[in-house]
Amino acid sequence: MQSVKFKAGFIFIAVAAVLSQALTVYSVAVPASSCYALDNSSRLYDFSDWVGVPFVYEGKETDLVVRFCKDVESRSQMGYVDFGRFDKVNHFVAGSGHVDLVQGFYNGDLLNCEYTFDKMGRTAQVNIICGNCLNGQCKGQLGCICNVSYESTCRAIVELAIPCEKPGPRVFEGFTVGFHPRSWEIVYNGMTQLGFEKANHDFSFSTEQPQVTLYLTAVASLSNRVQKPMVEVFPENGLEVKLSGTGATGKPPTTLSPSTLLLDWRCLRAHHIPFEVNITIPVEGYEPIEFVLTKMCEHTQNQEGDATRGWAIFGIISCIFMVSCTLFCCGGFIYNTKVERQHGIDALPGMTILSACLETVSGAAQGYSRAEDLNSAFASEVTWERPPAATAVAAQGTRTRSERKYGSM
């Protein structure tokens, strides 16, 4: 009985393991070197382990050496002649016919090749055949050069046969993901870039950044294959992530009209290690696009609507205050004009109190009089004769009683 239970448990564990492996999604990360190519069916061939491997072709007078993904040289008793170097820019493309892949080598020696149309010196093209040469050479070997021909003294054509490894996943070419409509920091040409293929603390987002906007582009003819993205968070508890935007609804992205994928994430609790946000974008007929964003949660964050609600309350209170002040000023102005028979600035509410305060602070001697009072005073003083003492005293008293002082600002 125990043996039956043991076998049943073993079978259950085995089935669970198989199902978990079947459900696991593997992303297509960019290879560690630029020595890779996509064939005509968009299958990835990674030759990072082949960089620098030499292949020698022995000729009658000169030997030609191809160092894989590095350079092409012609060697003789006279010395070495460089027929180009493998640039970091990917010159490793798919071939046609019996040729599977093509490598381009540029910027070789300029001797007697200074006047080439592209001004790139000597160049070489290596046509790669996966398998054996057409003449049956290289059987059971790592690979060999089948044939060498020269279009001119400045360009060599090399046919190389190697045992290509099993082709990798099918890449969705032309697909990009970046932080700008014309950038591709996360995914370029369907392959996840270094730093986003797994959790990386150096590429993490801070706690204070509540949102991240991603831009998705694809070739217009294949954009309808892009499906709705899925998100997984590890650890599962502690970080709330919501997807929105046109990219979250499955709208086909194009180069001219990128789709936006907006990530709203909020830290529900502090965590000493960053959270891993795994985003998977299924593509029909191709390997899915998968990348990882890292989020730091040094402290918890408020509810999503708290900050917006606080600003809304502040705005409402400010509007009520401004409307109340406007109604108070208008009502006071109308009252002072109709009832108190005041005009101009005197009719504004609070001007009497303001004038009294300014007069008290600045002093009565620094006040200024009304314009009409000053004009009347100047008009009465039309003579140079000193008036009698009694008349002067009476006039001074009259002017003092009639004029009205205002505080000076």
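Residues numbered from 1 in each chain as written. Predicted model: local features only at pLDDT ≥ 70, side-chain atom pairs only at ≥ 80, totals over all residues. Heavy atoms only, no water.

**As for the state of the cysteines**
Scanning the entire structure with this criterion turns up 5 disulfides. The side chain of Cys 35 participates in a disulfide bridge whose partner is Cys 69; the two sulfur atoms lie 2.0 Å from each other. Handedness of the Cys 35-Cys 69 disulfide follows from its S-S torsion of about 70 degrees: it is right-handed. Here Cys 35, found in the loop between helix 1 (2–23) and strand 1 (36–38), pairs with Cys 69, found in the loop between strand 4 (63–67) and strand 5 (71–76); they are 34 residues apart in sequence, far enough to count as distant. (Disulfide = S-S within 2.5 Å. Helix = DSSP H or I, 4+ residues; strand = E, 2+ residues; numbered from the N terminus.)

**Notes on the sheet that holds strand 5**
Taken in spatial order, the 4 strands line up as 3-4-5-6 in an open sheet, and their pairing is antiparallel. Each edge of the sheet is formed by a strand with only one pairing partner; in this case those strands are strand 3 (54–58) and strand 6 (79–85). Each strand of the sheet is rotated relative to its neighbour by a mean of 20 degrees, with strand direction disregarded. As defined by bridge partners, strand 5 adjoins strand 6 across 5 bridges and the pair is classed as antiparallel. Looking at strand 6, one finds that Ser 74 is bridged to Val 81. (Pairing = 2+ DSSP bridges. Axes fitted to C-alpha atoms, helices over the stretch in contact; angles between N-to-C directions.)

**Regarding the environment of Ser 41**
Along the chain, Ser 41 falls in the loop between strand 1 and strand 2 (44–46). Separated by 53 residues in sequence, Ser 41 and Ala 94 have C-alpha atoms that sit 9.2 Å apart.

**Considerations on the packing of aromatic side chains**
Inspection of the entire model under this criterion finds 18 aromatic pairs. Ring geometry for Phe 172 against Tyr 286: centres 5.1 Å apart, planes inclined by 55 degrees, an arrangement best described as tilted. Here Tyr 286 lies in the loop between strand 19 (275–281) and strand 20 (289–295) and Phe 172 lies in the loop between strand 11 (155–162) and strand 12 (176–178), a separation of 114 residues in the sequence. In this structure Phe 172 comes out as buried when scored by relative accessible area, which is 1%. Above the ring of Tyr 80, the side-chain terminus of Arg 75 is found at 4.8 Å from the ring centroid. When the ring centre of Phe 83 is taken as reference, the NZ or CZ atom of Arg 122 above it lies at 5.8 Å. (Phe/Tyr/Trp six-rings, centres within 6.5 Å; stacked < 30°, edge-to-face > 60°. Buried < 20%, exposed > 50% of the residue type's maximum accessible area, 1.4 Å probe, protein only. Lys NZ or Arg CZ within 6 Å of the ring centre and 35° of its normal.)

**Some points on the nonpolar core**
Core analysis: the largest hydrophobic core is formed by 30 residues, its most contacted members being Phe 175, Leu 214, Phe 291 and Leu 293. Secondary structure elements with two or more residues in this core: strand 15 (211–217), strand 17 (239–244), strand 18 (259–267), strand 19 and strand 20. With near-sequence residues (within four places) excluded, Phe 291 lies in contact with Val 177, Ile 186, Val 187, Thr 192, Phe 196, Leu 214, Val 277, Asn 278, Ile 279 and Ile 281. Counting 27 residues, the second largest nonpolar core, distinct from the first, contains Ala 37, Tyr 45, Phe 86 and Val 148. (Core = buried A, V, L, I, M, F, W, Y, C linked by side-chain atoms within 4.5 Å. Contact = heavy atoms within 4.5 Å.)

**Side note on the confidence of the model for the protein chain**
Regions with low pLDDT carry predicted coordinates that are not meant to be interpreted in detail. Mean pLDDT for the protein chain: 81, with 78% of residues reaching 70 or above. Across residues 1–25, where pLDDT falls below 50, the model places 3 contacts with residues more than four positions away in sequence or in other chains. (pLDDT = per-residue confidence, 0-100.)

**Here's the deal with the environment of Val 148**
By the secondary structure assignment, Val 148 is in strand 10 (residues 144–152). Residue classification places Val 148 among the buried residues on the basis of a relative accessible area of 15%. Separated by 89 residues in the primary sequence, Val 148 and Gly 59 place their C-alpha atoms 9.0 Å from one another. If near-sequence neighbours (up to four positions away) are discounted, Val 148 is found in contact with Tyr 57, Leu 64, Ile 157 and Val 158.

**Describing empty space enclosed by the protein**
This model, assessed by the stated rule, comprises 1 cavity of 30 Å³ or more. Size it by volume and the largest cavity reaches roughly 30 Å³. Leu 216, Val 226, Gln 227, Gly 247, Gly 250, Lys 251, Pro 253 and Ser 259 are the residues that line the largest cavity. Its residues assigned to classes, the lining of the largest cavity shows 3 nonpolar, 4 polar and 1 charged. (1 Å grid on protein atoms, 1.4 Å probe; cavity = no way out; pocket = protein on both sides within 12 Å on 5 of 7 lines; lining within 4 Å. Points joined across faces, edges and corners; volume = space filled by probe spheres on them. Nonpolar A, V, L, I, M, F, W, Y, C, P; charged D, E, K, R; others polar.)

**Examining the sheet that holds strand 7 (residues 92–94)**
Spatial strand order, 7-8-9-11-10: 5 strands in an open sheet with mixed pairing. One side of each edge strand has no neighbouring strand; the edge strands of this open sheet are strand 7 and strand 10. Taking each pair of neighbouring strands and ignoring which way they run, the sheet shows an average axis angle of 20 degrees. With 3 bridges joining them, strand 7 and strand 8 (residues 101–105) adopt antiparallel strand pairing. Within strand 8, the position partnered with Phe 92 by the bridge is Gln 103.

**Examining unusual backbone geometry**
In this structure, the amide linkage connecting Phe 234 to the following residue, Pro 235, adopts the cis form with an omega of -5 degrees. On the secondary structure map, Pro 235 appears in the loop between strand 16 (230–234) and strand 17. In this structure, Ser 42 is a non-glycine residue whose phi angle is positive, near 70 degrees. Inspection of the secondary structure puts Ser 42 in the loop between strand 1 and strand 2. Given the relative accessible area of 9%, Ser 42 is considered buried. Here Cys 69, not a glycine, exhibits a phi torsion of approximately 55 degrees, which is positive.

**Some words on the pairing of strand 9 (residues 123–130)**
Burial analysis of strand 9 places 6 of its 8 residues in the buried class, the great majority of the element. Here strand 8 pairs with strand 9 via 5 bridges, running antiparallel. What sits directly across from Gly 104, in strand 9, is Gln 125. For strand 9 and strand 11, the ladder comprises 8 bridges, and the chain directions are parallel. Within strand 11, the residue paired with Val 126 across the bridge is Val 158.

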